[in-house]
Amino acid sequence: MLLTITMTSDESAPATDLGFLLHKHPDRVQTFEQAFGTAHVFYPEASPERCTAALLLEVDPIGLQRSRGKNSPDFSLSQYVNDRPYAASSLLSSAMNAVFRTAMRGRCPSRQELADGAVPLELSLPALPCRGGAAYARRLFEPLGWEVSAEPVPLDERFPAWGDSRYVTLTLRGTARLADALNQVYVLLPVLDQAKHYWLAPDEVDKLIRAGSGWLADHPERAGITRRYLGNRSRLVQAALGRLADAEGLPEDALELPEADRSEEEHERRVPLNERRLEAVSAALKKEEARSVLDLGCGQGKLLARLLRDPSFARVAGVDVSYTAVAIARRRLKVDRMPSAQAARLELFQGALTYLDDRFRGYDAAVLMEVIEHVDPPRLPALARVVFGHARPRTVVVTTPNVEHNVRYEGLTGMRHADHRFEWTRAQFREWAEEVCARYGYQVRYEPVGEDDPEVGPPTQMGVFTAVR
């Protein structure tokens, strides 16, 4: 199979910067051996105006069959017999993860601002298995902002009456962050083919949540994508949709019972965890009578949107280390079309939470909602110094996952999010909070967010810090 990735130049960068983003030099041909064949990366064209990287996967059918487990029966033809499906799309998806792993994580230490920004891209697959036809390919990619060209490949051009094959020629054009584009293709290749070349284990849920971060939860076809990606394994699908709902505050509508069949208790349980976090943080801010609030690590602006709907918050600001997140928040909040009175209450800007910044000062309250676990532990003292020492709002609200509750998430084999640097127990969170209070003159109270399990505690733990000196 063949995948080409083309970047064109814009005002910010020449097209050959694609080499930085992919961590593959345009002047070299690189080869990567896989268990099922060989992946080649090369550049058919590389100029400042237009640069194309190609990933060519040569599948070795015999090598694929020989890559069997140690417990496989040992008989003379076993190396040629295998009951795993031959799924070329899934093989290409695996090759992408092996060859472009750093790019898919959005990391580019030498040019991180380039990796964080959107660039003009064109991705093309000349022969893509697609169960559902060209229309289904458009349904999956168009909601992600791509201009989609999907043309069916005929069974035989010489015999039009035979009709079309299940393959399409797919081209995507648009402006996007390269990491997002690669992750979308990585997930949707096996979804379109509706097959994988390996047996599904619970860690497939982790892969889907990681690669779908930032786009899958908002996709109108998210339930169908999840089902196809996880091979219609109902327990895995339920676990994945539940984690998506928790992370993004969306209803698990693909799995919900009809309204008439649900009890009041079931309605309560189905309120997404993210919605409960937003409610808990908003209630804490109201209780502390905060009039001005700074959302540190605002992400895509969900808390900002909620606060702006409440006129008691006279001044609302959001900051995030990612330029892309700030841009998405600005777009989702529809800042350009916001009434002038509401726009006057809002401020959005980019900034790092581990560096002193005078823009963080002057607020009644600051919020760190699901933020600290994304910070490397050695940097936590710097974050505490910036927030509690330098900015020093009267109130600081902090939420973070309770790792003890992870055993209640079926299918979860690692941390809840691929970017989490740690996840704390309740005791560890309290130890950190008490140390912050002693150093910077705060007191803290703890509140559960979500169902407070008698054995493992709530899914989210919240600390409300108030200044005492």
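Quick caveat, the model's predicted, so the values are computed rather than measured. (Residues numbered from 1 in each chain as written. Predicted model: local features only at pLDDT ≥ 70, side-chain atom pairs only at ≥ 80, totals over all residues. Heavy atoms only, no water.)

*Asks:* So what exactly am I meant to see when it comes to the nonpolar core here?
*Replies:* Generally speaking, a soluble globular protein has its nonpolar side chains buried in company with each other. Core analysis: the largest hydrophobic core is formed by 71 residues, its most contacted members being Leu22, Phe100, Phe141, Trp146, Leu170 and Val187. Dropping the residues within four chain positions of it, leucine 170 is found in contact with Leu123, Ser124, Leu125, Leu128, Ala137, Phe141, Val148, Ser149 and Ala150. Residues Leu294, Leu353, Tyr363 and Ala433 belong to the second largest nonpolar core, which totals 33 residues. (Core = buried A, V, L, I, M, F, W, Y, C linked by side-chain atoms within 4.5 Å. Buried < 20%, exposed > 50% of the residue type's maximum accessible area, 1.4 Å probe, protein only. Contact = heavy atoms within 4.5 Å.)

*Asks:* Any chance you could explain helix H6 (residues 133-141) here in plain terms?
*Replies:* Every α-helical turn comprises 3.6 residues, leaving residues that sit three or four positions apart pointing alike. Among the residues of H6, those classed as buried are Ala134, Tyr136, Ala137, Leu140 and Phe141. Looking straight down H6, one finds that the buried residues subtend no more than 160° of arc, so they occupy a single side. Contacts from the buried residues of H6 go to strand E6 (147-154), strand E7 (164-176), helix H7 (178-193) and helix H9 (222-229). (Helix = DSSP H or I, 4+ residues; strand = E, 2+ residues; numbered from the N terminus. Arc of directions from axis to C-beta.)

*Asks:* Which parts of the structure should I look at to understand a nonpolar patch on the surface?
*Replies:* Judged by side-chain polarity, Leu155, Phe159 and Trp162 come together as a nonpolar surface patch covering roughly 340 Å² of accessible area. Mapped onto the elements of the fold, tryptophan 162 is located in the loop between E6 and E7. (Patch = residues over 30% accessible without salt bridge, like charges linked within 9 Å, V, L, I, M, F, W, Y side chains within 5 Å. Areas by Shrake-Rupley, 256 points an atom, 1.4 Å probe, with all protein chains shown as cover. Salt bridge = Lys/Arg side-chain N within 4 Å of Asp/Glu carboxyl O.)

*Asks:* What exactly am I supposed to notice about the sheet that holds strand E10 (residues 346-350) here?
*Replies:* Consider a sheet: its strands pair through backbone hydrogen bonds, and that pairing is either parallel or antiparallel. Reading across the sheet, the seven strands line up as E10-E9-E8-E11-E12-E14-E13 and stay open at both edges, with mixed pairing between neighbours. Looking along the sheet, the strands with just one partner apiece sit at the ends: E10 and strand E13 (442-449). When the angles between neighbouring strand axes are averaged without regard to direction, this sheet yields 15°. Of the strand pairs in this sheet, E13 and strand E14 (residues 460-467) are connected by eight bridges, and their pairing is antiparallel. Bridge assignment links glutamate 447 to a residue of E14, and that residue is methionine 462. Strands strand E12 (395-401), E13 and E14 of the sheet are contacted by helix H17 (residues 426-440), whose axis makes an angle of about 155° with E13. (Pairing = 2+ DSSP bridges. Axes fitted to C-alpha atoms, helices over the stretch in contact; angles between N-to-C directions.)

*Asks:* What is the right way to look at the pattern of salt bridges in this model?
*Replies:* Any two side chains of opposite charge can pair, on the condition that their charged atoms come close. Enumeration over the complete set of coordinates arrives at 22 salt bridges. Here glutamate 122 makes a salt bridge to arginine 173, at a shortest N to O gap of 3.1 Å. Here arginine 173 lies in strand E7 and glutamate 122 lies in strand E5 (residues 119-129), a separation of 51 residues in the sequence. For arginine 173, a relative accessible area of 34% puts it in the partly exposed group. Here glutamate 370 and arginine 277 are joined by a salt bridge, their closest N and O atoms 3.7 Å apart. Placement of the pair is glutamate 370 in the loop between strand E11 (365-369) and helix H16 (380-391) and arginine 277 in helix H12 (residues 273-287), with a sequence separation of 93 residues. For the residue pair glutamate 370 and arginine 277, the accessibility class agrees, reading buried in each case.

None of this, on its own, says anything about what the molecule does.
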